[in-house]
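Now for the letters of each chain:
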Amino acid sequence: MANSPESSRHVLSDFRAPPPSPVASGRRSSVANDDILTEFLRSLHVPDLVLPDRAFPRQNPKIQNLPKLDFGAPNVFDFSNDHFAEVIKVIAQTGCFELVNHGISDRLLSSVINSGAGVFQLPPDKKSAVSRSAERLYGFVEFHGDDKELNEEFVWCRDDSLKTEMEEVWPIQYSNFSENMENLMSEIEKISEILLKLFIGSATPKVSFGDFETKEKEIDGSICYIYKHHQNSDSVSNDDQYMESLRYDVIRMLIRGSEHSHTLCFHVCDGSSEFHVYSKKGWVSFLPDKNALVITIGDQLQTWSEGKYKHVIGRPIFKGELENYISMAFLYSPPPPVPKDKKDKTITFGHQLFLVLILILLYNIFSYIST
């Protein structure tokens, strides 16, 4: 009996393609010359990949003495002096040095440190009102009570928004604190300008104006990180917990290193037990002199010097008997250069007067010709 159209469609819908036939194990490859392919694969050299055994950089042998610049010595910047040339060479290699006889009074430094300690005495609700976020780089850092987060920090800058917000939560003391910070920042900026001329000379740094425009920054100019180092007796007595806390703080510090581009970083860390310098090659430690400013090279100076001066990150270590210590890191960033096209558009008063005289002369000539 003939099949109906309905039954044909039913048979087609139930049709399933058969599975592929298995290939026999003894079947040869479809490649024309199997020996040539085998020889080619054997000739390939796979590179040996060496993965780091730890995320934390290794510690190099301890530095006994760091390069020192005596800012108050006569003819301190005499390039003909062999000793001075050797000091500059060591500074370029280590990326860190000590500045002694810098001229900043101990009274000003003590006043700023004491005022900075008062910032962290604000209650938690007022700190959260001026906490740092992705939209602003100033204010307090939020902590979540983890055992590794033993320290606090506060970022100060010349931003008007910070001044307004801090005067609301700290109305009486902030004006005095901000004035002291401004005075100390001005002294550091004067020293920074002299040091930059020493390191890169009077020549214009090899950086274009577009580099400043393409890099968006919330804060323009210099800023200051104020750190509160809290001594936890349990963590200090246990070396493993101490090193774990140190690693955590260093990782956070390395991440923050890219937040604000700078040329020089001035560390005010009187009373520190050690000072650690971190770079891509590892980290070293030394004992800074009393009343000396420890200065580390920033990323801008490394770029401007075409790699002559190495960019490093520094951190003071406190292991004293006090419960809390205060340290400060001033990041100096010079103002961006004025582009040449904007300079050329400026017309001085003399040029304007000369143009007016020419117009008057032309007017008189045309008036005489017309009459």
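Here, the structure is the one placed above.
Residues numbered from 1 in each chain as written. Predicted model: local features only at pLDDT ≥ 70, side-chain atom pairs only at ≥ 80, totals over all residues. Heavy atoms only, no water.

1. Re the sheet that holds strand E6 (residues 264-268)
A sheet is described by the order of its strands in space; here 8 strands give the open sequence E1-E2-E9-E6-E11-E5-E4-E3, paired in mixed fashion. In this open sheet, the two strands that pair with only one neighbour each are strand E1 (68-70) and strand E3 (139-140). With 4 bridges joining them, E6 and strand E9 (residues 293-297) adopt antiparallel strand pairing. Opposite His-267, over in E9, you have Val-294 as the bridge partner. The strands touched by helix H3 (residues 82-94) within the sheet are E1 and strand E2 (96-100), with E1 carrying the most contacts at an inclination of about 135°. Contacting E1, E2, strand E4 (152-156), strand E5 (223-230), E6, E9 and strand E11 (324-332), helix H7 (residues 173-200) runs over the sheet at an angle of about 50° to E11. (Pairing = 2+ DSSP bridges. Helix = DSSP H or I, 4+ residues; strand = E, 2+ residues; numbered from the N terminus. Contact = heavy atoms within 4.5 Å. Axes fitted to C-alpha atoms, helices over the stretch in contact; angles between N-to-C directions.)

2. What to know about the side chain of Thr-296
Note on placement: Thr-296 falls in strand E9. A distance of 3.2 Å separates a polar atom in the side chain of Thr-296 from a polar atom in the side chain of His-267. (Polar contact = N/O pair within 3.5 Å; in protein donor to acceptor, adjacent residues only side chain to side chain.)

3. Digging into the packing of aromatic side chains
For any pair of aromatic rings, the description consists of the separation of the ring centres together with the inter-plane angle of the planes. Throughout the structure, instances matching the rule amount to 10 aromatic pairs. Judged by centre distance (4.7 Å) and plane angle (50°), the rings of Phe-140 and Phe-154 are tilted. Highlighted residues: Phe-140 in strand E3 and Phe-154 in strand E4, separated in sequence by 14 residues. Of the residues examined, Phe-154 reaches a relative accessible area of 0% and is grouped as buried. Both rings, one in Tyr-225 and one in Tyr-227, keep their centres 6.2 Å apart while their planes meet at 15°; by these two values the pair is stacked. Residue classification places Tyr-225 among the buried positions, given a relative accessible area of 4%. (Phe/Tyr/Trp six-rings, centres within 6.5 Å; stacked < 30°, edge-to-face > 60°. Buried < 20%, exposed > 50% of the residue type's maximum accessible area, 1.4 Å probe, protein only.)

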